[in-house]
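Each chain, written out:
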Amino acid sequence: MSHLVFSLAGEGRGHAVRVRTLLERLKHEHRITVFAPDQAFEFLSPLYPRARDRVQIERIPGLRFHYTNSRMDVSRSIWEGLKYAAVTMPSIVRKIRSFIDREQPDLAIIDFEPALSRAAFKSGLPTMILDHQHVLRACDFSILPRDLQWHAASMSWAVWAFYAQAERTLASSFYTPPLKPEFSFVKQVGPLLRREVTERRTSREGFVLSYLRPQTPAATLDVLKSLPCQVKVYGLGEQPSQGNLVFSPIHEMRFLDDLASCRAVISAAGNQLCGESLYLGKPMLTLPESQHFEQRINAWFLREMGAGDTCELESFSTKKLLQFWEQLPEFEQAAERYRGKNDGTPIVLAEIDDMLRKHAPAVRLPDPQWPNRNLATAKTPAKPQLST
């Protein structure tokens, strides 16, 4: 039995779902500690009571997006992020490094969370990066519109700043543009999918599933009311129905039941939900916020794959929704091509096993310096193409 330590971003549910996929596969053979902030902690902690599982969830402060008048406030988010880096993060790094030195875990696995990366590097703990954000840094996005190319390049510096040195880097994404030559060490894998997703039977009932952020403007709901079918809305909490809108509290299994049986999905453009929807053959209308450039890039690739359409949340209109509805048979046909494909979980589990074998027993070489870059030590994958 090895001791694995995870950390992950706390904003949104995609990171938590990705990590939980691995926890369920690894907990029977290994002891696991997870450092989780905010929404990730709230999602994971009830699932792993310490008396039952060999998984311990520890809460830490984390970075988050900030909103003003229901719109993402980029300036405030950056400012709060700088304060976190200067004031909050050093104490978290010390806490985690003390934990590492005391418990001597065998491997750190990090999903876009900066504190464990620094603590593991300083303690000489072997480290794997497993996230979606590395597509922004490692992939050739020359196919994108110029504004999204520019934003991808800008965000790649944030990805660089998040991490210290890592032995292996895996980028999980439902789309696979080619890697830049200098990032050939990054291994591209598909979305990490839970057994509850891969083993579910699909059907195509008459309702639409909508997963929305709590900050979603009320006008979005007014637009959804124009659909000629029931819309099951998750993410806004339980509340009385409004016409064809039925609101449901977050319930993992009920949500997956609805995802597997809906006709289409209308939601933000998070990588995890896009990957799960495609695996189940569900077309999507994605509604990324105009200032959420990572999701706008996800939405662009989904549209290029033919499995749906996209519209910025602030521009969402009845006309756009009904246009999607008219084209739905075409999108359904395209989405069906992706059903049952592109689960990256087996590849990631094999990479974890390979690192554990390589470092058994692990050799720790603490280094007080940190170059803030990735080591090009992983095997070079074949040049990938856009998913089909």
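These lines cover the structure that appears in this document, whether it is placed above or below. (Residues numbered from 1 in each chain as written. Predicted model: local features only at pLDDT ≥ 70, side-chain atom pairs only at ≥ 80, totals over all residues. Heavy atoms only, no water.)

Here the focus is the sheet that holds strand β10 (residues 208-211). Two modes of strand pairing occur in sheets, parallel and antiparallel, and in both the strands are linked by backbone hydrogen bonds. Spatial ordering of the open sheet is given by β12-β11-β10-β13-β14-β15, a layout of six strands whose pairing is parallel. Either end of the sheet is taken by a strand with one partner, and the two such strands are β12 (245-248) and β15 (308-310). The sheet shows a mean angle of 20° between the axes of neighbouring strands, taken without regard to direction. Both β10 and strand β11 (residues 231-234) contribute to a ladder of four bridges, which runs parallel. (Pairing = 2+ DSSP bridges. Helix = DSSP H or I, 4+ residues; strand = E, 2+ residues; numbered from the N terminus. Axes fitted to C-alpha atoms, helices over the stretch in contact; angles between N-to-C directions.)

It is worth spelling out the pairing of strand β6 (residues 107-111) at this point. Counting buried residues along β6, five of its five residues qualify, which places the element largely inside the surrounding structure. Side-chain alternation along β6 places Leu107, Ile109 and Asp111 on one buried face and Ala108 and Ile110 on a second face that is also buried. Of the strand pairs in this sheet, strand β1 (residues 3-8) and β6 are connected by five bridges, and their pairing is parallel. Across the sheet, residue Phe6 finds its bridge partner in β6, namely Ile109. Summarising the sheet, β6 and strand β7 (residues 127-131) pair through three bridges and their orientation is parallel. Paired with Ile109 across the strands is Met128, a residue of β7. (Buried < 20%, exposed > 50% of the residue type's maximum accessible area, 1.4 Å probe, protein only.)

Counting across every chain of the model gives 12 aromatic pairs. Between Trp157 and Trp160, the aromatic rings sit 5.9 Å apart at their centres with planes inclined by 80°, giving edge-to-face as the arrangement. One end of the pair, Trp157, and the other, Trp160, are both in helix α6 (residues 146-162), three residues apart, so they sit about a helical turn from each other. A centroid spacing of 5.0 Å and a plane angle of 80° characterise the contact between Phe174 and Tyr175, whose relative ring orientation is edge-to-face. Taken individually, Phe174 and Tyr175 each receive the classification buried, so the pair is uniform in this respect. Through pairs of rings, three or more aromatic residues link up here, namely Phe141, Phe174, Tyr175, Trp300 and Phe301. Between Lys232 and the ring centre of Phe207, over which it is positioned, the NZ or CZ distance is 4.2 Å. (Phe/Tyr/Trp six-rings, centres within 6.5 Å; stacked < 30°, edge-to-face > 60°. Lys NZ or Arg CZ within 6 Å of the ring centre and 35° of its normal.)

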